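Examining the three-dimensional arrangement
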Amino acid sequence: MLAATAAGGAALAAGATGTAEATPNRSGAPTAPPALTAPTTPIGPNDTRYLSLTQRGCNARFIGKPDYFRVVHSTAEVVAAVQDAVRQGKRIAARSGGHCFEDFVDHPDIKAVIDMSPMREISYDAERRAFCVEPGAQLAEVYRELFVGWGVTIPAGATAEVGIGGHVIGGGYGVMSRRDGVSVDHLHALEVVVVDEDGTARAVIAERDPDSPHHDLWWAHTGAGGGNFGIVTRYWFRTPGARGDDPTKLLPKAPASFLAFRAGWTWKDLDARDFKTLMRNHGQWCERNSDPDSPYAHLFSVLMVNTTQAAGSGAVLAGVIDAAVPGAQRLVDDYIAAVGRGVGAEPAIRRPPLSWLNALTSITDTRSSPFKVKSAYLRKTFTDRQLDVLHEHLRPSDDPAQRISGTLWLVAYGGAARKVAPDATAVAQRDSILKAVYMAGWDAETQDGDRQIEWVRSLYRGVYADSGGVPVPGAVSDGAFINYPDADLADPEQNTSGVPWYTLYYKDNYPRLQRVKAKYDPRDEFRHRLSIRPA
């Protein structure tokens, strides 16, 4: 579950309301604005479906008890459902894939949950020259439809069952991001249900075009995360600068196949010196090879360090590269050798062949278990002091009773993500080389969740002890990733840096996000513990 959780970027459904403008349907012909019809029948606690809907989130740490769910199938139904909740004065949350890491949907104050899982259509919109995707579509479905239909793709997460609804607007990334950038770099437009100051729900279309009347709303959805401005009901994807009407040329081409690799070192082979050497080698390699024109821009990898002593655990370097890249095998061999140089033990290496479609559409087992996730961006490799803290926390205890189910993932970033200015989208971290993901998961029936949470908090505080326990943007760190939301960053006991949580996530982009919030959600209908505050 932790592996699947970390691989792809969490999904957090956006929230909003609206009356819509005319928009094209799947054939490209304009359609009438959605009528404000009666909302779908509410599913309350006495309905046999209610329990299953409360447990649809991936993090069993949080189970909500809203007054009702609305399972919606169209923009018109979303508008109606939001309007109904506003009239009733109920706090609203939206859910697409259900992969939120915090309680933004499953919170006691949330009384009306709008479930968009049936909204899964994926099509080419000839009128907009862009691919239209509804928010309930899972990443596996998006990859499959785009590839089989047109041979194209978007750079997004590696966890197949994540819903695209919240994944994209937090700045989704994945195995193609070093080659093609992050998801929002290809976001052409989106339809958002918002609530006006008088309480009227309506749908608006926000576009990348700076002359679009709702361009600022588009910009706010390029990295601010969900639950801030409204509910996204449709996305349109097209690569900026793509010309012509041929849909096969409007998004990046998908590879035919990957060359996959996996190199592993067990804890018995890693003393403190070897551990620090391995980690330092990996970080310094990323410093040297994360520019957009690097020959390694096609390579995606994750260095995973686990706290267990089971066979095959310890430190594992896994990844893929487009098999068609000239010298792909040599690039992989040189990469593994560079990371392992000076480490006492040789890694065990596997190279399983993978087709593009099989690599990214295999559904993993993500049965709901409780977990806690924290994140950070790295601009340079960890300092020696930070490596000491990592070794102290990650090396398994000799006492089985004291062992923790924890892990650190260092996920490749950089590459094409660096081509975009930090204020061109809401994703401000554009020159980082890695995303660090700190995780603890546990069995709710047999393990102490409080102990697991304190372990990952202690690890995080220790790594960032020089900057108040959080990754304050600077020479080494560059804040945190909103798609891995961490409410601790807004807790003064956990964040003693004096740097507010919103600076860690958004840096200098936050004031503009506040202005968008004030304009499109003036009543603050869509809010959670880390939501944008109105200016």
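Every residue gets a number counted from 1 within its own chain, in the order that chain's sequence is written. Totals for whole chains, interfaces and linings use every residue, but because this is a predicted model, local features are given only for residues with pLDDT of at least 70 and side-chain atom pairs only at 80 or more, for both listing and counting. Hydrogens and water are ignored here; the side-chain numbers use all heavy atoms of the structure.

A rise of 1.5 Å per residue sets the reference length of helix H4 (residues 139-150), with its twelve residues, at 16 Å; its end C-alpha atoms lie 16 Å apart and thus fit the reference within 8%. Residue contacts are counted whenever heavy atoms from the two residues lie within 4.5 Å of one another. In this text, helices come from DSSP runs of H or I with a minimum length of four residues, and strands from runs of E with a minimum of two, each type numbered from the N-terminal end. Contact partners of the buried residues in H4: strand S6 (122-125), strand S7 (130-133), helix H5 (164-169) and helix H10 (356-361). Following H4 by one or two positions, Gly151 adopts a phi angle in the positive range, close to 75°. By definition here, a helix of n residues has an expected span of 1.5 Å times n minus one.

With that out of the way, let us pick up the pairing of strand S10 (residues 231-237). Here S10 lies mainly inside the structure; seven of its seven residues are buried. In this scheme, strands are said to pair when DSSP sees at least two bridges between them. In this structure, S7 lies alongside S10, joined through three bridges in antiparallel fashion. By the bridge assignment, Cys132 is partnered in S10 with Trp236. Of the strand pairs in this sheet, strand S8 (residues 187-195) and S10 are connected by six bridges, and their pairing is antiparallel. The buried label goes to any residue with under 20% of its type's maximum accessible area, the exposed label to any with over 50%, and the partly exposed label to all in between, with areas taken from a 1.4 Å probe on protein chains only.

Looking now at the nonpolar core. What we call a nonpolar core is a set of buried Ala, Val, Leu, Ile, Met, Phe, Trp, Tyr and Cys residues that are connected through their side-chain atoms within 4.5 Å. By size, the foremost hydrophobic cluster in this structure holds 132 residues, and its most contacted members are Met279, Phe382, Leu390 and Tyr438. No other element matches helix H9 (residues 328-340), which puts seven residues into this core. With 20 residues, the next largest nonpolar core counts Val78, Ala81, Ala112 and Met119 among its residues.

With that settled, the discussion passes to the side chain of Asn281. Summarising the element assignment, Asn281 is placed in helix H8 (residues 272-288). When its relative accessible area of 15% is taken as the criterion, Asn281 is described as buried.

This brings us to the pairing of strand S4 (residues 92-95). Judged by which residues are buried, S4 turns out to be covered on both faces: Ile92 and Ala94 on one side and Ala93 and Arg95 on the other are all buried. Here four bridges tie S4 to strand S5 (residues 112-115), and the two strands are oriented parallel to one another. What sits directly across from Ala94, in S5, is Ile114.

Here five strands make up an open sheet; going across it, the order is S6-S7-S10-S8-S9 and the pairing antiparallel. Because the sheet does not close on itself, it has two edges, and the strands there are S6 and strand S9 (201-207). The mean inter-strand angle of the sheet, taken between neighbouring strand axes irrespective of direction, is 25°. Only the stretch in contact is used when fitting a helix axis, every axis being a line fitted to C-alpha atoms; angles between N-to-C directions are given from 0 to 180 degrees. The sheet contacts of helix H3 (residues 75-88) involve S8, S9 and S10, and relative to S8 the element is tilted by about 35°. Docked against the sheet, H4 engages S6 and S7, running at close to 45° with respect to S6.

None of the figures reported here should be taken as evidence of function without further support.
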